[in-house]
Amino acid sequence: MEEAGADFGYRGEQLGLPEQGPGSIARPGRRIGALAVDWGLCLLIAYGLFTDGYDARTGNWALLVFLVLSVLTVGTLGFTPGKRLFGLRVVALDTGTVQPLRGLLRSVLLCLAIPALVWDRDGRGLHDRLARTVEVRV
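Here the structure is a predicted model, which means the values were calculated and not measured.

Details of the pairing of strand β2 (residues 133-137)
If a strand is regular, its side chains alternate between the two faces of the sheet. Taken across its 5 residues, β2 has 5 buried, putting it largely inside the fold. Here β2 shows two buried faces, one formed by Thr133, Glu135 and Arg137 and the other by Val134 and Val136. Relative to β2, strand β1 (residues 88-92) runs antiparallel, the two sharing 5 bridges. By the bridge assignment, Leu88 is partnered in β2 with Arg137.

Quick word on the nonpolar core
Residues Cys42, Val65, Phe66, Leu69, Leu110 and Ala116 constitute the largest nonpolar core, which totals 6 residues. Considering every element that reaches this core, the biggest residue donor is helix α2 (residues 56-74), with 3 residues. In terms of nonpolar packing, the next biggest core, distinct from the first, is built from 5 residues, Leu17, Ile25, Val134 and Val136 among them.

What about helix α1 (residues 28-50)?
Given a rise of 1.5 Å per residue, 23 residues ought to cover 33 Å, and the 32 Å separating the end C-alpha atoms of α1 matches this to within 8%. Among all positions in α1, only Arg31, Gly33, Ala34, Asp38, Cys42 and Ala46 are buried. Tucked inside the fold, the buried residues of α1 contact α2, α3 (81-85), β1, α4 (100-111), α6 (126-131) and β2.

Observations regarding the state of the cysteines
In a disulfide, the sulfur atoms of two cysteines are held together by a covalent bond. The full count for this structure, using the stated rule, is 0 disulfides. Note on Cys42: no disulfide assigned, nearest cysteine sulfur contributed by Cys111 at a separation of 8.8 Å.

Focus on the environment of Phe86
Within the element layout of this structure, Phe86 appears in the loop between α3 and β1. Classification of Phe86 by relative accessible area gives partly exposed; the value is 29%. Sequence separation between Phe86 and Gly103 is 17 residues; the distance between their C-alpha atoms is 19 Å. Among all residues touching Phe86, those that are not within four sequence positions of it are Arg30, Gly33, Ala34 and Val37.

Observations regarding the side chain of His127
Inspection of the secondary structure puts His127 in helix α6. Looking at His127, the relative accessible area reads 3%, which means it is buried. Setting aside chain neighbours within four positions, we find His127 in contact with Arg31, Arg106, Leu109, Leu110, Pro115 and Ala116.

Brief notes about the UniProt feature "transmembrane region" (unreviewed entry) in the protein
The feature "transmembrane region" (unreviewed entry), as given by UniProt, occupies residues 32-50 and 62-80 in the numbering adopted here. Here residues 32-50 runs as 100% helix and 0% strand, with 26 Å between its end C-alpha atoms. Taken end to end, residues 62-80 comprises 68% helix and 0% strand; its first and last C-alpha atoms sit 15 Å apart.

Let's talk about the confidence of the model for the protein
The predicted coordinates should not be examined in detail at positions where pLDDT is low. Looking at the protein, pLDDT values average 89 and 93% of them are 70 or higher. Per-residue pLDDT, averaged within each element of the protein, yields its smallest value for helix α5 (residues 114-117) (85) and its largest for α3 (97).

Some words on unusual backbone geometry
Residues other than glycine seldom take positive phi values, yet Ala113 does so here, at roughly 70°. Turning to its location among the elements, Ala113 is positioned in the loop between α4 and α5. If you check the backbone angles, Arg132 has positive phi at about 55° while not being a glycine. Along the chain, Arg132 turns up in the loop between α6 and β2. Residue classification places Arg132 among the partly exposed positions, given a relative accessible area of 45%.

Conventions we followed
Per-chain numbering applies: the sequence of each chain, read as written, is numbered from 1 onward. Per-residue local features are limited, in this predicted model, to residues with pLDDT of at least 70; the limit for side-chain atom pairs, both in listing and counting, is 80 or more; totals at the level of whole chains, interfaces and linings are taken over all residues. Working from all heavy atoms in the structure, the side-chain values ignore hydrogens and water. Burial classes: relative accessible area under 20% of the type maximum marks a residue as buried, over 50% as exposed, and values in between as partly exposed (1.4 Å probe, protein chains only). Where helices and strands are cited, they refer to DSSP runs of H or I of at least four residues and of E of at least two residues respectively, numbered from the N terminus. The criterion for strand pairing is that DSSP finds at least two bridges linking the strands in question. To qualify as a nonpolar core, a set must consist of buried Ala, Val, Leu, Ile, Met, Phe, Trp, Tyr and Cys residues joined through side-chain atoms within 4.5 Å. What a helix is expected to span follows from its residue count: subtract one and scale by 1.5 Å. A contact between two residues is defined here by any heavy atoms of the two lying within 4.5 Å. When the sulfur atoms of two cysteines come within 2.5 Å, that pair is taken as a disulfide. UniProt positions are given in the numbering used here, feature names are shortened, and annotations may be inferred rather than shown by experiment. Confidence scores here are pLDDT values: one per residue, from the predictor, ranging 0 to 100.

Next comes the structure, spelled out in structure tokens:
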């Protein structure tokens, strides 16, 4: 007798990705770690370039720096400094490389935060689904 419920398989199976190793969907811990590194880097840049001291405006500048960093690096290289450090890469589902416009769309949605907090069963955020990208292990 089979158990009640459906077998959804592993994360990324629907997308044709391997279950583990290079090319598999990045785990949430690595993704959050990479985001923390990138955000810290952007805070340092914003603090050094745009403010006289840490205040409420530093966070706003850091978000702008984060957007620019993400658009330029994900849209060309496929990774930010934090993603590189954690062994992650953003790839397009159809072509494998992220084009600049997809990088822009993904980055803007990521900066809005809410799309990044809505995940599907494969662990992809809404920002990745709308940009037709996926974050994988290198």
